[in-house]
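Topology and contacts: notes
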Amino acid sequence: MTVMLNRLEMLRIFCTAAESRSFKEAANRLGISPQAVTRAVKELERLQGELLFHRNTRHIQVTLVGEKFALIAKERLRAVDELFQTSAPNSGNELQGRVRIAAPVGFGHKCLMPVLLELSTIHPQLDIDLTLSDERVDVVDEKIDIGIRIGFMRDSRFIARQLTKINMYVVASPDLINRVGRPASIEELNHLPVTGLVDRNTGKLWPWVFSMDRQWTPSITRFRSADTEAELMAIQNGLGFAQIPDFLVQDLLRQEKLVRVLEEVEPVPWDLYIYRPQRGPVPQRIRLVFDHLVSRLSVR
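Scoring rules and cut-offs
- Residues numbered from 1 in each chain as written.
- Predicted model: local features only at pLDDT ≥ 70, side-chain atom pairs only at ≥ 80, totals over all residues.
- Heavy atoms only, no water.
- Core = buried A, V, L, I, M, F, W, Y, C linked by side-chain atoms within 4.5 Å.
- Buried < 20%, exposed > 50% of the residue type's maximum accessible area, 1.4 Å probe, protein only.
- Domains from an automatic or database assignment.
- 1 Å grid on protein atoms, 1.4 Å probe; cavity = no way out; pocket = protein on both sides within 12 Å on 5 of 7 lines; lining within 4 Å.
- Points joined across faces, edges and corners; volume = space filled by probe spheres on them.
- Nonpolar A, V, L, I, M, F, W, Y, C, P; charged D, E, K, R; others polar.
- pLDDT = per-residue confidence, 0-100.
- Helix = DSSP H or I, 4+ residues; strand = E, 2+ residues; numbered from the N terminus.
- Contact = heavy atoms within 4.5 Å.
- Pairing = 2+ DSSP bridges.
- Axes fitted to C-alpha atoms, helices over the stretch in contact; angles between N-to-C directions.
- Right-handed = clockwise from strand over helix to strand, strands pointing away.
- Salt bridge = Lys/Arg side-chain N within 4 Å of Asp/Glu carboxyl O.

**Comments concerning the nonpolar core**
Ranked by internal contacts, the top residues of the largest apolar core, which has 34 residues, are Leu112, Ile146 and Leu293. Here this core spans two domains, and each of domain 2 (97-166 + 270-298) and domain 3 (168-260) adds at least three residues to it.

Pasting the structure below:
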């Protein structure tokens, strides 16, 4: 009996470690000491005769053998747990716990946060862990459960759903247009004040995209930032023309606080995707959040 319980606990520790960045993080999640995690993993490696983790002084990385073993272990543990849940099948315990989500900054603030706040009200036991970044996040390495991405998405590691289309508009304040006029072509932007969004990965400006796969990158700007909200404030205050996603400016366009220009050369809309890694059984809480986001964001 003791051996059986010890091995079940060993598997639980291993599965938690496989989803963590370090044995210390796994220990914190389980409420045990890091030494206990290390001992359990070493014993499991001895029993399996295989290395299950690559280790260094700061991080761990599950090996290919470890990944395959983790999938099997999680499924077996889930089956064992289900045997003892028959007395309370509707307890809703699977709707408790953390769900890690990654999304672009501007979309996260403007569109995603209202949906997550709504969801948290309906399911108060959920623990939403939100990462907002315009850098490309590796959801596997970062242990992200659900990601949202603007742009091309084709990767066999993920289950992905297209949510909607994102248009890119060139906009400016009415005051700026009254002062300098409207550009009649892409080339005329070279002689007008513009703002720029900085790519955090390279430190360079993101190029503006137009129809027929044309691109234009400002050589001189009146304002530049890696933060979309800061750039939007600059645009509203008349610092320059800018190209910006539709979800950030739709309300301002309706209120006539901003004006669209160069509409005839706007690019083909970009796809907005929601995705999650394909890694074994999906907890009910993650499936619930994923499906809710698909439902709400598809009708943005």
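**Structural notes on the layout of surface pockets**
One water molecule sets the probe size; rolling that probe over the atoms shows where empty space is left. Counted as a void, the second largest pocket has a volume near 830 Å³. Lining of the second largest pocket is provided by 36 residues; of these, Asp134, Ile150, Leu197, Trp206 and Trp270 occupy positions nearest its centre. Per-class residue counts for the lining of the second largest pocket are 22 nonpolar, nine polar and five charged. Split by domain, the lining of the second largest pocket shows at least three residues from each of two domains, domain 2 (97-166 + 270-298) and domain 3 (168-260).

**Focus on the confidence of the model for the chain**
Taken residue by residue, the chain gives an average pLDDT of 87. The fraction at 70 or more is 89%. Element-level pLDDT for the chain is lowest in helix α1 (residues 2-18), with a mean of 78, against a maximum mean of 98 in strand β7 (residues 168-172). Within the model, pLDDT remains below 50 along residues 1-5, and this stretch shows zero contacts once partners closer than five positions in the same chain are excluded. Low confidence marks residues 87-91, where pLDDT is under 50. Its contacts with residues over four positions away, or in another chain, come to zero contacts.

**What about the pairing of strand β14 (residues 270-277)?**
With seven of eight residues buried, β14 is to be regarded as a mostly interior element. In terms of strand pairing, strand β5 (residues 146-150) meets β14 through four bridges, oriented antiparallel. Bridge pairing in β14 links Ile148 to Ile274.

**As for the sheet that holds β14**
The strand order across the open sheet built from five strands is β4-β3-β5-β14-β6, with neighbouring strands paired in mixed fashion. Strands with a single pairing partner mark the edges of an open sheet, and in this sheet they are β4 (126-132) and β6 (158-166). Each strand of the sheet is rotated relative to its neighbour by a mean of 20 degrees, with strand direction disregarded. With two bridges connecting them, strand β3 (residues 97-103) and β5 associate as parallel partners. Counted as the bridge partner of Ala102 is Gly147 from β5. Across the sheet, helix α5 (residues 105-122) touches β3, β4, β5 and β14, and the angle it forms with β4 is around 175 degrees.

**Focus: the pairing of β3**
With five of seven residues buried, β3 is to be regarded as a mostly interior element. On the question of chirality, the crossover connecting β3 to the parallel β4 by way of α5 is right-handed.

**Some points on the pattern of salt bridges**
What the rule picks out here adds up to eleven salt bridges. Lys74 serves as the salt-bridge partner of Glu19, at 2.9 Å between the closest nitrogen and oxygen. Of this pair, Glu19 sits in the loop between α1 and α2 (23-30) while Lys74 sits in helix α4 (residues 64-83), placing them 55 residues apart in sequence. Across the salt bridge formed by Asp175 and Arg179, the nearest N and O atoms sit 3.2 Å from each other. Of this pair, Asp175 and Arg179 both sit in helix α6 (residues 174-180), separated by four residues, roughly a single helical turn. By relative accessible area, Arg179 is classed as partly exposed at 49%. When salt bridges that share partners are traced, they join Lys110, Asp251 and Arg254 into one network.

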